[in-house]
Amino acid sequence: MSCSLLPFCHFQDLEAARDFLCPYLRQSVDKSPNWEDDGWGAWDEAETQEPVSLYVSTFITKTCLLSKNLFCWFNLLSSFHVAKTNEELSILYPAAVVTIDGFSLFQSLRACRNQVAREHTTPPLAYKKWGLQDVDTIVDHASVGIMTLSPFDQMKTASNIGGYNAAIKNSPPTMSQYITVGSNPFTGFFYALEGSTQPLLSHVALAVASKLTSAFFNAASGWLGWKSKHEEEAVQKQKPKVEPATPLAVRFGLPDSRRHGESVCLSPCNMLAAVMMTLEEFFTGCYTRTAIRMWKGYRDAQIGWIQTVEDLHEREVAQFLVIYAPRRGILEVAVSCYKIMGLNNMTSQGWQSQTYQICLVDPVSGSIKTVHVPFHLALSDKKSERAKDMHLLKKLSALLKQRNGNTSFCLNFCSQALESILASERVPLSALSNITQTLMDTLKNQEFLCVDEGLLQFCANKLKLLHLYESVSKLNSLSVQPSTPLSDNDLAKLLRLDEKEFARLQTLLENYSQENTQTTIRFADDQDGILPVKMFLEYLECEKDMILVKKLDEGEYVALGSFFFWKCLCGESSTEEMCHTLESAGFSPQLLLSLLLGVWLYKEKDILDEPQSICCLHTTLSLLSKMKVAIDESWDSQSVSPWWQQMRTACIQSENNGAALLSAHVGHSVTAQITDSMAEKKFSQTVVGADTDSWEALSLDTEYWKLLLKQLEDCLILQTLLHSKVRTRTTRVSSLQAEPLSRLSVKKLLEGGKGGIADSVAKWIFKQDFSPMILKLAQQKKETESTEEPVEIDKNVSLENQGAETELLHLAYQQFPCSLELDILHTHCCWEYVVQWNKDPEEARFLIRSIDHLRCIVNAHIQHGIALMMWNTFIVKRLSAATYLMDKVGKAPKDRLCRRDVGMGDTAMTSFLGSCSDLLQTLMEADVSSDEMQAPVLDTEDAWVSAEGPISIVELALEQKHIHYPLVEHQSVLCTILYGIMRFSLKSVKPLSLFDSKGKNAFFKDLTSIQLLPSGDMDPNVLSLRQQFLMKAVSAVVQVQCTAQKARGLPEEAPLPAEKDKDWPALALDLAQHLQLSEDVIRRHYVCELYNYGMDHLGEEAILQVHDKEVLASQLLVLTGQRLAYALLHTQTKEGMELLARLPPTLCTWLKAMDPHDLQNVEVPISTTAKLVNKVIEYLPENHGQYSLALNLIEAVEAISS
């Protein structure tokens, strides 16, 4: 059971209330129990001499009672000065609030007490009943009291209610304010105007009504003679009347459907109210009706207020909020501005001293604990430090003037004064030690009963810390003769490495330090190894004979460790004396090891710049390991020592991999040294004269060190790769690519699962925006080195400017042959790019690059799975939105509509549709190829077998089901159609109208499911729409080709990225096949469009693919006639008119019927048209009806040419 937080007056006034209501219980003073002395059961044991009588009863309402409160509030009319106090009993019902004036209730109770002895009737009870409206539920309430609005608030309220032309009275009205908590709104403010309703005298009204009724019936019965005793009793037993409530609408409220109020607690001055809610706690102003502050993490908390009077002259009163959080088991008091709440400076002069305290009731032990807060804590914000000090100084002066002061008060003041002195930054160390020692001596010389053991222990602990600070500072200030620097060979022997291993370690650390240089800001007065005594005392605490470190953040923890060990690590202080001093003071070896590693790992840059610090770390670690309880005496080579496991855990969690790797080497060396020493002692008696210098004793800890060294080396190489300097690029860099990569640690890689390493490299590749070919080049580094000329990858990437990146990638491949296998890396890159594209769909190049990586995956099983995951996770919803938008508008939608429905602009959506088509095409190819190869076997490096975490992307891809090929093909057709509409801005095309009902229903379904697809003959109307669409598309393709040909000599516009590999004429033929159209019709239309735009050389190539050349010849004959008609009839030259007169009449009539306006290019040379006529003659049979017309055209062309 948790404790309860209650106002102390609930207990303090129990005896007074009992004596007033039950005077017979106070007659025997000697025998009356006192709960403060005898405990809670004393009242139960007392025998009452007289039965308790009912003083007064009133029937108010039929509903159940929710809560009742007794409010004592000040009459705050215009200022904080108290004119008088009022008391009121307020009772909350589900739909009403009943208020009873305190003075009236007191008079009624006193009258009732006098009348009970004489008769059983009770006097009437006056009350007010308010019906609260416009609130869903009310669970608690508070009566703020009588108030008067300021003129500004009066005008504001009138404007809100009556509008612009509202009128106000000259004198603001007086009203009673009520605050409710519940739901909708969770906090409501009600205002009842004084005089708007009269107190309800329920008993008086009922008595009058009863007497009138009785008189009437008595008279009628006497006249008529049918009066009976039974009817007279029924009249007397008539139920009391329920008085109606006066409606009261909510004036203001704080609405929030998610929050529900639970309780409300008013401050002593009634200016503020604390509200507990289901989600958190917040603070509101009673007069401003606004939420002042809100906190999280105080669910199920209890709240109360404390009122503290100034000790000197009782001129000021301060109030504090007390919060008891039972879930966390803490009691918090507001002591500074907005640290918990902004109440610290809310003081008022001229208040009458009121008893308003809080107590904490423990139901388990039955104890009651009161909470006392010194007044000066109300002045504890940064701006009131001087006021706080002045307050304490005045209190000290008043205390010194009193010869016989209160002993407990003196001790309390001494404790606060000592805390303030120790927290000062300006008091020197010697003064702090003298003050603490003097106070401690004074306490020891007092009488035993007057000694405060807590204060005495506090002084002893602080004095111990001060002496320790003095000793450590003295050791840090002493200069030590620097030792001779060790050579590389000596350092290698110290770390138990050979020359090659040490050289490799140096190379790795040099590369790491170059790529991972972090710029730090240092000020001129910042000095390592120096810690102010104020912070030293704040960081440490004494518990019995031990010294513990409080819960600190990383910077504070490192500062404390630097104070102890940084001079030792730099070789500027005696390591032996420092370790002895700290051990004697009461530090545990485990705590010292944690502080040492914290400094070492944090100051990585300084460590890497000074290799001699390795020797200092080795010495310090050896000394710490020799301390008592550092290494368990029962430890042997077959068990894991918690001491070394603590050090390995720190290295695993550190993100400073260079310092962690060095500390792991030192730890391994010291462990091997201790293990060898133990083995020598064990076998010295059995193996006499054996040479043990060339062998190393095996232990379980040594094997764990070797595993950690391999993991840290891998992590170091990976960290060097990920934080290598970004190459300079001419292309635009996205904000997503500019985000810094997080630093790695062994712990992160182990928790990242089997795909964590590849995922980290994929993020780096995305940041560098490398081409997928670079990944392959890094794997084939040796082959590319023999190539003299740079191998061109794309227009922006070549092997020459990728030497550094390929070198780092090649090194990572060697370190992680399984985790960075090429297919696995391409898979993670593919997924990383599509994830980043989903964050910003405007970056269409990210989706294109993702599909490029997808196509580079060799294993069809992985390629199939990752493509299907991309489709289901990122593509299908946007594609569905794009389809329905384009079908709705019947054309390529504008940019605004694309952004509204699809979430990207029209240009990005065009590229997106092209990428969708490529994705589905790759998916179908992978499905076919997967039948011809086996699924891959995923391996992991031995050092990372223990990795546990989320399942990798590759494993998820291999778990995907096989697709239903016809359904994917059906979806691919739609994607190609949509892409064509957007790419060429086609109009009057509804993409879904090109499919029947079966085809429409099959779109956007699960690609692994079996759907009912179109089969058999298609509706002729649908076929006609399909043919019209394809012809529009082919015409648009030829138009784009013609435009590009004309602008060939000019700067070309940047083409769409997804268009680089698209062969639209081939795509049109492929669509014709899937849409059940004649491919030859599309070919003939393509040829005619080429000639129509004057690209006869391309038309001659395309003719070779046409099957029905006779029909094509007839179509080209018309196009030839249009060209001649334009040359003869529309140029209006003299030579043309003469030539036209010499032509046969039939040919002239036919030429005049031609419309040259259908030609897209009329500036075609006559020699080119002559070649076209020869093609027509070649493909037309002699028995064709237009063969003679074609012969006449040859003569006409020859005549024009001559």
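Nothing here was measured: the structure is a model prediction, and the numbers come from that model. Residue positions are counted from 1 within each chain, in the order its sequence is given. Under the rules for a predicted model, residues below a pLDDT of 70 receive no local features and side-chain atom pairs below 80 are neither given nor counted, while totals for whole chains, interfaces and linings still include all residues. Side-chain metrics rest on all non-hydrogen atoms present in the structure, leaving aside hydrogens and water.

## Some thoughts on the overall build of the chain
Our working definition: Secondary structure counts use DSSP, requiring at least four H or I residues in a row for a helix and at least two E residues in a row for a strand, with both numbered from the N terminus. Partly exposed residues are those whose accessible area sits between 20% and 50% of the maximum for their type, while under 20% is buried and over 50% is exposed, using a 1.4 Å probe and protein chains only. The contact rule is simple, with two residues in contact once any of their heavy atoms fall within 4.5 Å. Only the protein chains shown count as cover for residues, and the accessible areas themselves come from Shrake-Rupley with a 1.4 Å probe.
In terms of helices and strands, the chain carries 46 helices and 24 strands. Taking all 1202 residues of the chain together, the buried fraction comes to 46%. Sequence-distant contacts, at least 24 apart, represent 73% of the contacts inside the chain between residues at least 6 apart. Taken as a whole, the chain presents about 62,800 Å² of accessible surface, with 53% of it coming from carbon and sulfur.

## Here we look at the confidence of the model for the chain
Close inspection of predicted coordinates is inappropriate for parts of the model with low pLDDT. Basically, it comes down to this: Every residue carries a pLDDT, the predictor's confidence in it, which falls somewhere between 0 and 100.
For the chain, the mean per-residue pLDDT works out to 79, and 75% of the residues sit at or above 70. Scored below 50 in pLDDT, residues 785–789 shows 0 contacts in the model against residues more than four places distant or in partner chains.

## Considerations on the side chain of Gln-863
Along the polypeptide, Gln-863 turns up in helix 32 (residues 860–889). The residues contacting Gln-863, other than those within four sequence positions of it, are Leu-854, Arg-855, Ile-857, Thr-922 and Ala-926.

## Some words on a nonpolar patch on the surface
Rule in force here: Here a patch means residues that are over 30% exposed by relative accessible area and free of salt bridges, tied together within 9 Å if like-charged and within 5 Å if nonpolar (Val, Leu, Ile, Met, Phe, Trp, Tyr). Put simply, a salt bridge is a Lys or Arg side-chain nitrogen that is within 4 Å of an Asp or Glu carboxyl oxygen.
Together, Val-640, Leu-700, Tyr-704 and Leu-707 make up a nonpolar patch on the protein surface, roughly 290 Å² of accessible area in all. With respect to the helices and strands, the residue Tyr-704 is situated in helix 23 (residues 700–722).

## A closer look at helix 46 (residues 1187–1201)
The line we're drawing: Working rule for helices: expected span equals 1.5 Å times residues minus one.
Helix length check: helix 46, at 15 residues, gives a terminal C-alpha distance of 21 Å against a target of 21 Å (1.5 Å per residue), a fit within 8%. For helix 46, the set of buried residues is Tyr-1187, Leu-1189, Ala-1190, Leu-1193, Ile-1194, Ala-1196 and Val-1197.

## A few points about the packing of aromatic side chains
Our working rule: Two rings belonging to Phe, Tyr or Trp (six-membered ring only in the last case) form a pair when the distance between their centres is within 6.5 Å. Interplanar angles under 30 degrees mark stacking, angles over 60 mark edge-to-face geometry, and anything in between is tilted. Any Lys NZ or Arg CZ found within 6 Å of a ring centre and within 35 degrees of that ring's normal is scored as a charge over the ring.
All told, the structure shown has 21 aromatic pairs when counted by the stated rule. These aromatic residues form a ring-pair network of at least three members: Tyr-469, Phe-536, Phe-563, Phe-564, Phe-565 and Phe-587. The residue whose ring lies beneath Arg-648 is Trp-705, and the NZ or CZ to ring-centre distance is 5.3 Å. The lysine or arginine in question, Arg-878, covers the ring of Trp-837, its NZ or CZ lying 5.5 Å from the ring centre.

## Quick look at the packing of helix 38 (residues 1020–1046) against helix 40 (residues 1079–1092)
Put simply, the rule is: Working convention: axes come from line fits to C-alpha atoms, limited for helices to the stretch in contact. Angles between N-to-C directions cover 0 to 180 degrees. Put simply, a crossing is left-handed when the front helix is turned counterclockwise from the back one by less than a right angle, and right-handed when it is turned clockwise. Asp, Glu, Lys and Arg are counted as charged, while Ala, Val, Leu, Ile, Met, Phe, Trp, Tyr, Cys and Pro are counted as nonpolar; the rest, among them Gly, fall into the polar class.
Where helix 38 meets helix 40, the axes come as close as 9 Å, and the angle between the chain directions of the two elements is 35°. The handedness of the crossing between helix 38 and helix 40 is right-handed. Along its contact with helix 38, which presents Gln-1027, Leu-1030, Met-1031, Val-1034, Ser-1035, Val-1038 and Gln-1041, the element helix 40 presents Val-1081, Ile-1082, His-1085, Tyr-1086, Glu-1089 and Leu-1090. Among the residues making up the contact of helix 38 with helix 40, the classes are represented as 8 nonpolar, 4 polar and 1 charged.

## Re the packing of helix 27 (residues 772–779) against helix 30 (residues 822–839)
Stated formally: In these notes the angle categories are as follows: under 35 degrees is roughly parallel, over 145 is roughly antiparallel, 65 to 115 is roughly perpendicular, and the rest is oblique.
Two elements in contact, helix 27 and helix 30, have axes whose closest approach is 11 Å; the angle formed by their N-to-C orientations is 155°. By the angle class used here, helix 27 and helix 30 are roughly antiparallel. Note on packing geometry: the crossing formed by helix 27 with helix 30 is right-handed. For the pair helix 27 and helix 30, contact is made by Pro-772, Leu-775, Lys-776 and Gln-779 and by Leu-822, Leu-825, His-826 and Cys-829, respectively. Split by residue class, the contact of helix 27 with helix 30 holds 5 nonpolar, 2 polar and 1 charged.

## Quick notes on the pairing of strand 15 (residues 302–309)
To be explicit about the condition: For two strands to be treated as a pair, DSSP must find at least two bridges joining them.
The element strand 15 is extensively covered by neighbouring structure, given that 7 of its 8 residues are classed as buried. Relative to strand 16 (residues 316–325), strand 15 is paired through 8 bridges, and the arrangement is antiparallel. Opposite Trp-305, over in strand 16, you have Leu-321 as the bridge partner.

## A look at empty space enclosed by the protein
The line we're drawing: Grid points spaced at 1 Å over the protein atoms alone were grouped into cavities, where a 1.4 Å probe fits but cannot get out, and pockets, open sets with protein on both sides within 12 Å along at least five of seven lines, with lining residues defined by an atom within 4 Å of a point. Grid points are joined across faces, edges and corners, and a volume is the space filled by probe spheres set on the points.
Evaluated as defined, the whole model comprises 4 cavities of 30 Å³ or more. Estimated volume of the largest cavity: approximately 130 Å³. Lining the largest cavity, in full, are Lys-754, Gly-755, Cys-818, Ser-819, Ile-824, His-828, Leu-938, Asp-939, Thr-940, Ser-952, Val-954 and Glu-955. If you add up the space inside the second largest cavity, you get close to 70 Å³. Counting residues per element, the ones that place at least two in the lining of the second largest cavity are helix 36 (965–983), helix 38 and helix 39 (1064–1074). For the lining of the second largest cavity, the per-class residue count stands at 8 nonpolar, 2 polar and no charged.

## A look at helix 41 (residues 1096–1103)
How we decide: Here the arc refers to the set of directions running from the helix axis out to each C-beta atom.
Taken residue by residue, helix 41 has Asp-1096, Gly-1099, Ala-1102 and Ile-1103 as its buried positions. Projected down its long axis, helix 41 shows its buried positions confined to an angular sector of 115°, all on one face. Contact partners of the buried residues in helix 41: helix 40, helix 42 (1109–1129) and helix 45 (1166–1179).

## Considerations on unusual backbone geometry
Cis rather than trans, the peptide bond between Asn-184 and Pro-185 has omega equal to -5°. Of note, the phi angle at Asp-134 is positive, near 65°, even though the residue is not glycine. Mapped onto the elements, Asp-134 comes out in the loop between strand 5 (126–133) and strand 6 (137–148). Even without a glycine there, the phi angle at Lys-544 is positive, about 60°. The residue Lys-544 is located in the loop between strand 21 (540–543) and strand 22 (546–549) in this model.

## Some details on the nonpolar core
Applied cut-off: The criterion is simple. A nonpolar core is a set of buried Ala, Val, Leu, Ile, Met, Phe, Trp, Tyr and Cys residues joined through side-chain atoms within 4.5 Å.
With 234 residues, the main nonpolar core has Phe-536, Phe-564 and Phe-587 as its most contacted residues. With 14 residues, helix 32 is the largest single contributor of residues to this core. Contacts of Phe-564, omitting those with residues within four sequence positions, involve Val-472, Phe-536, Leu-540, Met-578, Leu-582, Phe-587 and Leu-595. Of all hydrophobic cores here, the second largest spans 16 residues; its members include Ala-142, Leu-254, Val-264 and Met-277.

## Side note on the environment of Arg-293
Relative to the helices and strands, Arg-293 is located in strand 14 (residues 291–295). Here Arg-293 falls in the partly exposed class, since its relative accessible area comes to 25%. A C-alpha to C-alpha distance of 9.7 Å links Arg-293 and Ala-274, two positions 19 residues apart in sequence.

## Things to note about the pattern of salt bridges
Per the counting criterion, the structure on display carries 24 salt bridges. For Arg-855, the salt bridge goes to Asp-918, with nearest N and O atoms at 3.5 Å. Here Arg-855 is found in helix 31 (residues 844–856), whereas its partner Asp-918 is found in helix 34 (residues 906–929), with 63 residues between them in sequence. Judged by its relative accessible area of 40%, Arg-855 falls in the partly exposed class. The shortest N-O distance in the salt bridge between Asp-1080 and Arg-1083 comes to 3.9 Å. Here Asp-1080 pairs with Arg-1083, and both are found in helix 40, just 3 residues apart, close to one helical turn. Looking at Asp-1080, the relative accessible area reads 9%, which means it is buried. Overlapping salt bridges, with partners in common, bring together Asp-769, Glu-843, Arg-845 and Arg-849 in one network.

## Side note on the pairing of strand 11 (residues 261–266)
Where strand 11 and strand 12 (residues 272–277) come together, 5 bridges link them in antiparallel fashion. Bridge pairing in strand 12 places Ser-263 opposite Met-276.

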